[in-house]
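For reference, the chains in residue letters:
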Amino acid sequence: MSDYPAMQARFVADIGAAADLDALEALRVAALGKAGSVSALLKTLGGMSPEERQVQGPQIHALREAVTTAIADRKAALEGAALEARLAGERLDMTLPADAAPRGSVHPVSQVMDELAEIFADMGFAVATGPEIEDDWHNFTALNIPETHPARAMHDTFYFPTQMNDAAGRAMLLRTHTSPVQIRTMMSDEPPIRIIAPGRVYRSDSDATHTPMFHQVEGLVIDRGIHMGHLKWTLETFLKAYFERDDIVLRLRPSYFPFTEPSAEVDVGYRQEKGRRIVGGSGDDEGHAWMELLGSGMVNRRVIANCGLDPDEWQGFAFGVGVDRLAMLKYGMDDLRAFFDGDLRWLSHYGFGALSVPTLSGGISA
Ligand code: DAH
């Protein structure tokens, strides 16, 4: 019969002295591995008489227990020490003075949202916001998208578990568009209303041109006697100011959205130059084509009524456009995913100086 206490003492001493995780792993294999010495002892149990096994079994199992525990303890100690060393090495002294040259930059999405706010402020629009965690009434039902409407399925919605339904029993979700801000604004403000609502939206979709989170800006005007002419003028004025050129040509194409009636998809003319799309000119011109840019229309009477307003008195138009896409078109990025990688090289290449605030008088993207 082996001297188990002596073996245990030797193992525990070696394990306690293991200098790193590799050395510890070598000891574990030597003791508990397939061909390890403790494993070999466990195998001898099979050949023992019942009496012998009754005496030696508990001792061998105790030995294995002790070795296993010693290894786990040493492993935790080594990992803790490694973490401490890393933390000490990565320490930042927050009391040091800031770098003289500012290194941060404004993300293109923030820049474009600032540009939009500036352009629309000049036309008398205020900036409105709404929650990113919405309920399905504001995101869908009030916008004339009932439960059975195919648009609900088309939106690839991220829903929260039903236990998180709100007090009114409404399902909670990540808003799939900025259109619910139309509803919130019509319910909280007295018309006339002129707002844009920029912000994050979410859909379960991901490839080079789709990310699960992206940005939209919604526009809403509610007043008396509003018609499609106001919509077209507003979009034209906005896009000319945004792209900083006068030759922007729009094409309104009949379309369908549940919350607008009639609805129009808006295309802009562009041409391809050195692999980039340059907005400008009519899509029917030589060397030009049309590109779909945004959705719009006259606010559906039912949506106005859902917000407690009288649709015979109040009319309006609305539009929705992708902010990331606007940024890509103006500043020439080609992969949407890079927008949200947080890569400092990308940010310093496409980012904007923190002090260059867009103004209409100073040049919108200067
Ligand atoms: N909410 C639509 C979407 O996300 C975009 C949109 C279309 C907004 C037409 C509007 C509109 O306000 O009138 O696809």
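Residues numbered from 1 in each chain as written. Predicted model: local features only at pLDDT ≥ 70, side-chain atom pairs only at ≥ 80, totals over all residues. Heavy atoms only, no water.

A. Seen up close, the pairing of strand S10 (residues 315-322). Of the strand pairs in this sheet, strand S5 (residues 213-223) and S10 are connected by 8 bridges, and their pairing is antiparallel. Pairing of Val217 across the sheet is with Val321, part of S10. Pairing of strand S9 (residues 288-299) with S10 involves 5 bridges; the strand directions are antiparallel. Bridged to Leu294 within S10 is Val321. (Pairing = 2+ DSSP bridges. Helix = DSSP H or I, 4+ residues; strand = E, 2+ residues; numbered from the N terminus.)

B. Summary view of the pattern of salt bridges. Using the criterion set out here, one finds 19 salt bridges in the structure. Taking the shortest distance from any N to any O, the salt bridge between Asp135 and Arg184 comes out at 3.8 Å. Residue Asp135 is located in strand S2 (residues 133-135), and its partner Arg184 is located in helix H8 (residues 180-188); the two are separated by 49 residues in the primary sequence. Its relative accessible area of 28% is what places Arg184 among the partly exposed residues. Across the salt bridge formed by Arg224 and Glu313, the nearest N and O atoms sit 2.5 Å from each other. Of this pair, Arg224 sits in the loop between S5 and helix H9 (228-243) while Glu313 sits in the loop between helix H10 (301-306) and S10; the two residues are 89 residues apart in sequence, bridging distant segments of the chain. The exposure class of Glu313 is partly exposed, given its relative accessible area of 32%. Members of the salt-bridge network, linked through shared partners, are Arg251, Arg253, Glu265, Asp267 and Glu292. (Salt bridge = Lys/Arg side-chain N within 4 Å of Asp/Glu carboxyl O. Buried < 20%, exposed > 50% of the residue type's maximum accessible area, 1.4 Å probe, protein only.)

C. Local environment of the site of the ligand. The immediate surroundings of the ligand are formed by 15 residues, with His177, Ser179, Arg203, Gln216 and Glu218 found nearest. Between Ser179 and the ligand, the recorded distance is 3.0 Å, taken from a side-chain N or O atom to a nitrogen atom. Within the contact set of the ligand, an oxygen atom lies 3.0 Å away from a side-chain nitrogen or oxygen of Gln216. Protein contact buries 89% of the 360 Å² of open area that the ligand shows by itself. Those elements that provide at least two residues to the shell around the ligand are S5, S9 and S10. Its residues assigned to classes, the shell around the ligand comprises 4 nonpolar, 9 polar and 2 charged. (Near = heavy atom within 4 Å. Polar contact = N/O pair within 3.5 Å; in protein donor to acceptor, adjacent residues only side chain to side chain. Areas by Shrake-Rupley, 256 points an atom, 1.4 Å probe, with all protein chains shown as cover. Nonpolar A, V, L, I, M, F, W, Y, C, P; charged D, E, K, R; others polar.)

D. View of the domain arrangement of the protein. What the domain assignment reports for the protein is domain 1 (4-89) and domain 2 (108-349). One C-alpha centre belongs to domain 1, the other to domain 2; they are set 64 Å apart. (Domains from an automatic or database assignment.)

E. Seen up close, the nonpolar core. With 46 residues, the main nonpolar core has Leu116, Phe238 and Leu326 as its most contacted residues. Of all the secondary-structure elements, those providing two or more residues to this core are helix H5 (108-121), S5, H9, strand S7 (260-273), S9, S10, helix H11 (323-331) and helix H12 (344-350). For Leu326, the contacting residues outside a window of four places in its chain are Val112, Leu116, Phe238, Tyr242, Phe243, Leu293 and Val321. Judged by nonpolar contacts, the second largest core, of 23 residues, contains Ala142, Phe259, Val299 and Cys307. (Core = buried A, V, L, I, M, F, W, Y, C linked by side-chain atoms within 4.5 Å. Contact = heavy atoms within 4.5 Å.)

F. Expanded view of the environment of Gly322. Topologically, Gly322 is positioned in strand S10. Note on Gly322: relative accessible area 24%, which makes it partly exposed. Taking C-alpha positions, Gly322 is 9.4 Å from Pro198, a pair spaced 124 residues apart along the chain. If we ignore the near neighbours within four places in the chain, the residues touching Gly322 are His215 and Gln216.

G. Molecular detail of the packing of helix H2 (residues 21-32) against helix H3 (residues 37-44). The interhelical angle for the contact between H2 and H3, taken along N-to-C directions, is 15 degrees, at an axis separation of 3 Å. Taken together, H2 and H3 sit at an angle that is classed as roughly parallel. Of H3, the residues touching H2 (which contributes Ala30, Ala31 and Leu32) are Ser37, Val38 and Ser39. Class assignment for the residues of the contact of H2 with H3 results in 4 nonpolar, 2 polar and no charged. (Axes fitted to C-alpha atoms, helices over the stretch in contact; angles between N-to-C directions. Parallel < 35°, antiparallel > 145°, perpendicular 65-115°, else oblique.)

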